[in-house]
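What the coordinates show
This is what each chain is made of:
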Amino acid sequence: MMNQQLRAVVRGMPKAELHIHIEGSLEPELIFALAERNGVALAYESVEQLRSAYAFTDLQSFLDIYYAGASVLLKEQDFYDMTRAYLARAEADNVLHTEIFFDPQTHTARGVAMADVINGIYRACQDSPVSATLILCFLRHLSEEDAFATLEQALPYRDKFIGIGLDSSEVGNPPEKFSRVFARCRELGLHLVAHAGEEGPPAYIRTALDDLKVERIDHGVRCLEDAELTARLAREQIALTVCPLSNTKLRVFDQMHDHNLAELLAAGLLVTVNSDDPAYFGGYMNDNYDAIFEALPLELDHARQLSRNGFVAAFLPQAQKDALLARVDAYFAPHFPTN
Ligand code: ADE
Ligand code: ZN
């Protein structure tokens, strides 16, 4: 299939997004609009100046700017407006289902009420035609005690989120730091995920699985350094939520050409494609797909696989999953006439 045809098929295919930090969808224009609306002072004079600061050298250099950007979010309506804008972008990229991360500690530490964070995001999800659920993330640079307190504050809204994640500065903050709070979340019937093997070593992927008992690994691209771990991830079909543009912007790989996504697929891993922090890394779902299909040896069968994997790995009831997978199969059927 010619490049332009393949590109059009990939852009139009049904997608599930499983790794998107809602605070990372805050575009510079909305940061400035909310700063003005709320009377928050920014360290940048213009949208252009802010955007030009998005030259990251590693994860921490990004997180510093990402947390500063989130400081404009004060009211329930701010969380609503941010989420509504993301969902419109997702819909335009043919995302049928999305599982949205949010970082409550970033907001509650500034005096924002947990109710305003969760209700604002949740209300935008309900108003969107895209199927959307929420995953509350603990910040791993903070203590486990702080995570426990955050969980307590969120429990009155237990029906509004389906899972728990772990994000922020990875190296030096291994998954096992949060073993007890994840055990409690498991008892509460929440789905569990964690960022591991983005900048951190393969050992962090192991302890995320064994100590936290997570069901998916966010990023996980460093697993290929450990053959035994890779074999296990393939055997157990543990999904990896890979974020290609994030990985090149944060220098996990120098260029997209160097990304290991094709090797991960070839190793039989349940790879999914996601945007992570689209406002900071150069784009949403279709921008990520454009970038990998441009730079890597990927063909039509990889596109179908990636589309399917997103729904297979989603935290959805089996009947809803089957219905979405049937839509994927119907979409690709004309392109695989002999199947
Ligand atoms: N928070 C937002 N994006 C993140 C990422 N890629 N890794 C860790 N924490 C994050
Ligand atoms: Zn992430």
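Above this note sits the structure.
Residues numbered from 1 in each chain as written. Chains lettered and ligands numbered in written order. Predicted model: local features only at pLDDT ≥ 70, side-chain atom pairs only at ≥ 80, totals over all residues. Heavy atoms only, no water.

A count of helical and extended segments in the protein gives 17 helices and 8 strands. By the compact-globule yardstick of 20 Å for 339 residues, the protein fits well, its C-alpha radius of gyration being 19 Å. Across its three principal directions, the C-alpha atoms of the protein cover 60 × 40 × 40 Å. For the protein, with 339 residues in total, the buried portion stands at 57%. Contacts in the protein between residues at least 24 apart in sequence constitute 76% of all its contacts with a sequence separation of at least 6. Taken as a whole, the protein presents about 13,400 Å² of accessible surface, with 50% of it coming from carbon and sulfur. Each charge class in the protein can be summarised by its mean position, and for the 29 positive and 49 negative side chains these summaries are 4 Å apart. (Helix = DSSP H or I, 4+ residues; strand = E, 2+ residues; numbered from the N terminus. Rg over C-alpha atoms; globule rule 2.2 N^0.38 Å. Buried < 20%, exposed > 50% of the residue type's maximum accessible area, 1.4 Å probe, protein only. Contact = heavy atoms within 4.5 Å. Areas by Shrake-Rupley, 256 points an atom, 1.4 Å probe, with all protein chains shown as cover. Lys, Arg positive; Asp, Glu negative; His and termini not counted. Charge placed at Lys NZ, Arg CZ, Asp CG, Glu CD.)

Moving on, we get to helix α5 (residues 76-92). The first and last C-alpha atoms of α5 sit 25 Å apart over 17 residues, in line with the 24 Å expected at 1.5 Å per residue. Listed in full, the buried residues belonging to α5 are D78, F79, Y80, D81, M82, T83, Y86, L87 and A90. Looking at the packing, one finds that the buried side of α5 touches β1 (15-21), α2 (28-38), β2 (95-102), α6 (104-108), α7 (114-126) and β3 (131-139). One or two positions beyond α5, positive phi appears at N94, with a value near 65°. (Expected span 1.5 Å × (residues − 1).)

A few words now on the pattern of salt bridges. Enumeration according to the criterion identifies 17 salt bridges in this entry. The partner of E29 in a salt bridge is R51, and the shortest N-O contact between them spans 3.2 Å. Residue E29 is found in helix α2, and its partner R51 is found in helix α3 (residues 47-52); the two are separated by 22 residues along the sequence. Ionic contacts of the salt-bridge type, sharing partners, join the residues E27, E29, R51 and R89 into one network. (Salt bridge = Lys/Arg side-chain N within 4 Å of Asp/Glu carboxyl O.)

Moving on: the sheet that holds β1. In sheet architecture, strand pairing relies on hydrogen bonds along the backbone and comes in two forms, parallel and antiparallel. Spatially, 8 strands are ordered β1-β2-β3-β4-β5-β6-β7-β8 in an open sheet, and the strand pairing comes out parallel. Both outer strands of the open sheet, β1 and β8 (270-273), are each paired with one neighbouring strand and no more. Between one strand and the next, the sheet's axes are offset by a mean angle of 25°, whatever the strand orientation. The sheet contact formed by strand β6 (residues 216-219) and strand β7 (residues 239-242) spans 3 bridges and is parallel. For D218, the partnering residue across the bridge sits in β7 and is T241. (Pairing = 2+ DSSP bridges. Axes fitted to C-alpha atoms, helices over the stretch in contact; angles between N-to-C directions.)

A separate point is the side chain of E170. On the secondary structure map, E170 appears in the loop between β4 (163-167) and α9 (179-187). For the buried E170, which has no salt bridge, the nearest side chain bearing the opposite charge is R140, at an N-O separation of 4.7 Å. Of the polar contacts made by the side chain of E170, one reaches the backbone nitrogen of G200; its length is 2.8 Å. Look past the residues within four positions of E170 in its chain and what remains in contact with it is L59, R140, H195, A196, G197, E198, E199, G200 and Y204. (Polar contact = N/O pair within 3.5 Å; in protein donor to acceptor, adjacent residues only side chain to side chain.)

This next bit is on the coordination of the zinc ion (ligand 2). Each protein donor to the zinc ion (ligand 2) is listed here as H19 (NE2), H21 (NE2), H195 (NE2) and D276 (OD); together their distances run 2.0 to 2.3 Å. Classification of the site at the zinc ion (ligand 2) rests on its 4 donor atoms, whose angles at the metal span 84 to 176°, yielding the label irregular. Binding-site remark: the zinc ion (ligand 2) is held by donors from one chain whose sequence spacing is H-x1-H-x173-H-x80-D. Placement of H195 in strand β5 (residues 191-196) and of D276 in the loop between β8 and α14 (278-281) is noted, with a sequence separation of 81 residues between them. (Donors = N, O, S within 2.8 Å, 3.2 Å for Na, K, Ca; no water. Tetrahedral: all angles 85-135°; square planar, octahedral: opposite > 155°, others 65-115°.)

We now examine the packing of helix α15 (residues 285-295) against helix α16 (residues 300-312). Closest axis-to-axis distance for the α15/α16 pair is 12 Å, and the angle between their directions is 145°. Considering only the axes of α15 and α16, their crossing is right-handed. Along the contact surface, α15 presents Y289, I292 and F293, while α16 presents H302, A303, L306 and S307. The residue inventory of the contact of α15 with α16, partitioned by class, reads 5 nonpolar, 2 polar and no charged. (Left-handed = near helix turned anticlockwise from the far one by under 90°. Nonpolar A, V, L, I, M, F, W, Y, C, P; charged D, E, K, R; others polar.)

Here we take up the nonpolar core. Counting 111 residues, the largest nonpolar core has F138, F182, Y280 and I292 as its most contacted members. Here this core gets 6 residues from one element, more than from any other, and that element is α7. Once residues lying within four places of it in the same chain are set aside, the contact partners of F138 are Q105, A147, T150, L151, I164, G165, L166, D167, V181, F182 and C185. (Core = buried A, V, L, I, M, F, W, Y, C linked by side-chain atoms within 4.5 Å.)

So far we have only geometry, and geometry alone does not tell us how the molecule works.
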